[in-house]
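Residue-level structural notes
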Amino acid sequence: MKLLTLTLALLLLLPACKETDDCMEQTDVPVGFSTDVETQTRATDMTNDNLSAIGVLAGLTHGAFADNLSSFTPNFMYNQEVKKVNGSWTYAPLKFWPNNDTDKITFFAYAPYDAQGVTLSTVDEKGYPFLTYTVQPKEENQTDLLASVPLSGEKGKKVNFTMKHALTKVTLKVKSGDKYVKEITSLSINAATGGELHFKNGGFEWTNVTNTYSYTPSATTDLTFAATEQGRDVATFLLLPTATVTATFSLSYKVKDITGNEKIT
């Protein structure tokens, strides 16, 4: 899995405390957003240009995040949508930084916001948050899932999320050779269907990757290849990276001579 990073720079504000929370004094100046994002990309998948919304989780800690890990919950932002509008990152309602020097905020993010197959850990789950992800069966519905490097102990400054590709991109390319025409009759890749992405210090990791599914290309036509065709991409999948579930692929095809008579299947 090739992890390429892009930096999503934004400033996040935190809401006024509730009666059930440990209250904190807050500043009254809204924190703005920046649209400065590194332009590293991975082919035509999720990039700075087409990333339009992220989901943010954030929580208050009194002091260092590591000292509060066992009791930490995303109690100030839970799946908060932060979206790009006319080139600027925005969200509502506006929130404010704490004014107390001992109060810090820790942030996590994923993208795209509310992506198909994503289920977040609950708002009262203690410790590092995580998400459960199920790969969509159809190639065209699969998502280039991104997750951030956690930012712990933030206080009154820009929150610069570093977003990383969380899935493995698998492209099936077919090329022909020799003197015969080939026609693909079936093509699939058998790979894991679901797992848990757990945030951790410095990044994230996949756990509990289980089950398998036979993913097939969306294209079911135009799978005949000339005798000397140099190559053609027939499918691109975004799958779970894992060594615990063996991935395999299956290919069936016919070989035909110049008159269209079948030589080999």
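Treat the numbers as computed from the prediction; the structure is a model and nothing was measured. (Residues numbered from 1 in each chain as written. Predicted model: local features only at pLDDT ≥ 70, side-chain atom pairs only at ≥ 80, totals over all residues. Heavy atoms only, no water.)

**As for the overall build of the chain**
If you tally the helices and strands in the chain, you get zero helices and 17 strands. Counting contacts in the chain only where the partners sit at least 6 residues apart, residues at least 24 apart contribute 73% of the total. Accessible area of the chain: about 13,400 Å², with a carbon and sulfur share of 48%. (Helix = DSSP H or I, 4+ residues; strand = E, 2+ residues; numbered from the N terminus. Contact = heavy atoms within 4.5 Å. Areas by Shrake-Rupley, 256 points an atom, 1.4 Å probe, with all protein chains shown as cover.)

**A look at the packing of aromatic side chains**
Note on aromatic pairs: each is described by the distance of the centres and the angle between the planes. Taken as a whole and judged by the stated rule, the model has 11 aromatic pairs. Taken together, a centroid distance of 5.9 Å and an interplanar angle of 75° make the contact between Trp97 and Phe107 edge-to-face. One end of the pair, Trp97, is in the loop between β4 (88-90) and β5 (103-111); the other, Phe107, is in strand β5, and 10 residues separate them in sequence. Taking 6.4 Å as the distance between ring centres and 80° as the angle between the ring planes, the aromatic pair formed by Phe107 and Phe161 counts as edge-to-face. Remark: Phe161 occurs in strand β10 (residues 159-165) and Phe107 occurs in strand β5; sequence separation between them is 54 residues. Neither Phe107 nor Phe161 differs from the other in exposure class; each is buried. (Phe/Tyr/Trp six-rings, centres within 6.5 Å; stacked < 30°, edge-to-face > 60°. Buried < 20%, exposed > 50% of the residue type's maximum accessible area, 1.4 Å probe, protein only.)

**Section: the nonpolar core**
In terms of nonpolar packing, the biggest core is built from 37 residues, with Val118, Leu131, Tyr133, Leu145, Leu197, Trp206 and Leu240 touching the most fellow members. Elements with a minimum of two residues in this core: β5, β6 (118-120), β7 (130-134), β11 (168-174), β12 (181-200), β13 (203-215) and β15 (232-239). Residue contributions to this core peak at seven residues, all from β12. In contact with Leu145, other than residues within four places in its own chain, are Ala111, Val118, Leu131, Tyr133, Lys164, His165, Ala166, Leu167 and Trp206. Core analysis: the second largest hydrophobic core is formed by 20 residues, Met77, Tyr91, Phe107 and Ala109 among them. (Core = buried A, V, L, I, M, F, W, Y, C linked by side-chain atoms within 4.5 Å.)

**What about the pattern of salt bridges?**
Scanning the entire structure with this criterion turns up five salt bridges. A salt bridge links Lys256 to Glu183; its shortest N-O distance comes to 2.9 Å. With Lys256 in strand β16 (residues 248-256) and Glu183 in strand β12, this residue pair connects regions lying 73 residues apart in the sequence. You can call Lys256 partly exposed: its relative accessible area is 22%. The class of Glu183 is partly exposed, set by a relative accessible area of 24%. Across the salt bridge formed by Glu205 and Lys200, the nearest N and O atoms sit 3.7 Å from each other. Note on Glu205: relative accessible area 37%, which makes it partly exposed. (Salt bridge = Lys/Arg side-chain N within 4 Å of Asp/Glu carboxyl O.)

**Considerations on the confidence of the model for the chain**
Averaged over the chain, the pLDDT score is 81; the fraction of residues at 70 or greater is 81%. The low-confidence segment residues 1-23 (pLDDT under 50) makes 105 contacts with residues lying over four places distant or belonging to another chain. Low pLDDT (under 50) marks residues 29-41, which in the prediction has 40 contacts with non-local residues, meaning those over four places away or in another chain. (pLDDT = per-residue confidence, 0-100.)

**Quick look at unusual backbone geometry**
Among all residues except glycine, the phi angle is most often negative; among peptide bonds, the trans geometry is most common. Residues Ala92 and Pro93 are joined by a peptide bond in cis, for which omega reads -5°. Here Pro93 is to be found in the loop between β4 and β5. The step from Ala111 to Pro112 runs through a cis peptide bond, and the omega angle for that step is -5°. Residue position: Pro112 is located in the loop between β5 and β6. Even without being glycine, Asn79 reaches a positive phi, approximately 55°. Within the secondary structure, Asn79 sits in strand β3 (residues 77-85). Note on Asn79: relative accessible area 16%, which makes it buried. The phi angle at Asp114 is positive, at roughly 50°, despite the residue not being glycine. Among the structural elements, Asp114 can be located in the loop between β5 and β6.

**Observations regarding a nonpolar patch on the surface**
A cluster of nonpolar side chains, contributed by Phe249, Leu251 and Tyr253, occupies part of the molecular surface with about 320 Å² of accessible area. Tracing the sequence through the fold places Tyr253 in strand β16. (Patch = residues over 30% accessible without salt bridge, like charges linked within 9 Å, V, L, I, M, F, W, Y side chains within 5 Å.)

**As for the side chain of Asp144**
Within the secondary structure layout, Asp144 lies in the loop between β7 and β8 (146-148). Here His165 takes part through its side chain, which lies 3.1 Å from a polar atom of the side chain of Asp144. (Polar contact = N/O pair within 3.5 Å; in protein donor to acceptor, adjacent residues only side chain to side chain.)

**Here we look at the environment of Phe161**
On the basis of relative accessible area, Phe161 is assigned to the buried category, the value being 0%. Measuring from C-alpha to C-alpha, the distance between Phe161 and Val149 comes to 6.8 Å, with 12 residues separating the pair along the chain.

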